[in-house]
Amino acid sequence: MEKIVYIDQSKKSYTKSQFIRYFEAKVLYTIRKYDMIDKNDEIVAAISGGKDSVAMSHILNKIISKRGQQLKTLLIDEGIPGYRDSTITDAIKFCKDESIALTIISSKKEFKFGLTDALKKLKMNPCTICGTMRRYLLNKYARKLGATKIATGHNMDDEAQTILMNQYKGNANLSAKLGPVTGVKEHKKFIRRIKPLYFMSEKEVTIYSTLKAFPVKYTECPNSRDTFRSQVRDQLNLLENSFSGTKNGIINSFLDVLPILKTKEHSKIVECLKCHEPSARQTCSMCELLEKYSKSLHQ
């Protein structure tokens, strides 16, 4: 008799084979419910070598290969010594094992500096710098790879944290850009994001990744400690432990109001005057970051 590996909030228990079927079926249902993948879509999966992006890429590869198509993966090396080099090794092994095409883009080669270099010069939140570089490079190079959609490994915990962070900071309008399929406005240079793991909890992804024996390490970015997100994460985990279903409740109530938030979102996507990449302003966040870094070198 198979060992029980998971018990959900309704007290239903799962063996290894049952859990794997449950996990993959729920991800597939999410993809279908939100029309994430059209017949002619070219999907590029954003991969880091961590459990979320690897689990997502594995399932997407199974789905897409049945159509006679090939999944492409794109890894952004932000320049975090002792951390990203390790996950890159894991990503390379995973993609080789699954015969998935992998493209690696280095921020240091692209911008002449990485995250660690930037943190030495700029008094900024590391997650802000990292996120700016990652979003910019993902969009730019996914487009070069012919992508019509970028798949990211964001799970339920990630989304619930972001929703609360926006609420706490009074930036609820930013949440209009969240959801299973992100982005509000269409632009020929902007590649929309899809989140196949949207309804899977962090715990479920960890269990799935462990049961599938993916070549990943369960470590977190050294720059993510003691950040606002980490505090919100810990707060949510405490609530979830005391009141099972809290995260799921946040997600479902958010999805109820998301259509209203989208109607109130009036920002436009334009081309950055400097780099010509899509931006919400005349100068994109990446070009502003590049200017700040350049000025810091002469101070």
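Here goes a summary of the coordinates provided. It should be emphasised that the depicted structure is a prediction, and the values quoted were computed from it without experimental measurement. (Residues numbered from 1 in each chain as written. Predicted model: local features only at pLDDT ≥ 70, side-chain atom pairs only at ≥ 80, totals over all residues. Heavy atoms only, no water.)

### Regarding the overall build of the protein
Here comes step 1: When helices and strands are counted, the protein shows 11 helices and 9 strands.
Here comes step 2: Taking the principal axes of the C-alpha coordinates as reference, the protein spans close to 65 × 40 × 40 Å.
Here comes step 3: A total of 299 residues make up the protein; the buried ones form 49% of that total.
Here comes step 4: Partitioning the contacts of the protein with sequence separation of at least 6, the portion at a separation of at least 24 is 72%.
Here comes step 5: On the protein, the mean spot of the 51 positive side-chain charges and the mean spot of the 32 negative ones are 3 Å from each other. (Helix = DSSP H or I, 4+ residues; strand = E, 2+ residues; numbered from the N terminus. Buried < 20%, exposed > 50% of the residue type's maximum accessible area, 1.4 Å probe, protein only. Contact = heavy atoms within 4.5 Å. Lys, Arg positive; Asp, Glu negative; His and termini not counted. Charge placed at Lys NZ, Arg CZ, Asp CG, Glu CD.)

### Comments concerning empty space enclosed by the protein
Empty space left among the atoms is revealed by rolling a probe the size of a water molecule over them.
Here comes step 1: Considering all chains together, one arrives at 1 cavity of 30 Å³ or more under this definition.
Here comes step 2: Looking at the largest cavity, the residues that line it are D41, E42, I43, I64, Q69, Q70 and L71. (1 Å grid on protein atoms, 1.4 Å probe; cavity = no way out; pocket = protein on both sides within 12 Å on 5 of 7 lines; lining within 4 Å. Points joined across faces, edges and corners; volume = space filled by probe spheres on them.)

### Focus: the pairing of strand β5 (residues 101–106)
Here comes step 1: Both strand β4 (residues 72–77) and β5 contribute to a ladder of 6 bridges, which runs parallel. Within the sheet, the bridge partner assigned to D77 lies in β5 and is S106.
Here comes step 2: Following the chain from β4 across helix α3 (residues 84–97) to the adjacent parallel β5, one finds a crossover that is right-handed. (Pairing = 2+ DSSP bridges. Right-handed = clockwise from strand over helix to strand, strands pointing away.)

### Digging into the state of the cysteines
Here comes step 1: Summed over the entire model, instances satisfying the criterion amount to 0 disulfides.
Here comes step 2: Here C130 is not cross-linked by a disulfide; its sulfur's nearest cysteine counterpart is in C221, at 6.4 Å.
Here comes step 3: Taking the relative accessible area as the measure of exposure, C130 reaches 13% and is therefore buried.
Here comes step 4: We note that C275 lacks a disulfide partner, and the nearest cysteine sulfur, in C284, lies 3.7 Å from it. (Disulfide = S-S within 2.5 Å.)

### Quick word on the packing of helix α6 (residues 126–144) against helix α11 (residues 285–296)
Here comes step 1: Between α6 and α11, whose axes approach to 9 Å, the crossing angle comes to 130°. As far as their axial angle goes, α11 and α6 are oblique. You can see that α6 and α11 cross each other, and the crossing is left-handed. In contact with I129, T132, M133 and Y136 of α6, α11 contributes S285, M286 and L289.
Here comes step 2: Looking at the contact of α6 with α11, its residues break down into 5 nonpolar, 2 polar and no charged. (Axes fitted to C-alpha atoms, helices over the stretch in contact; angles between N-to-C directions. Parallel < 35°, antiparallel > 145°, perpendicular 65-115°, else oblique. Left-handed = near helix turned anticlockwise from the far one by under 90°. Nonpolar A, V, L, I, M, F, W, Y, C, P; charged D, E, K, R; others polar.)

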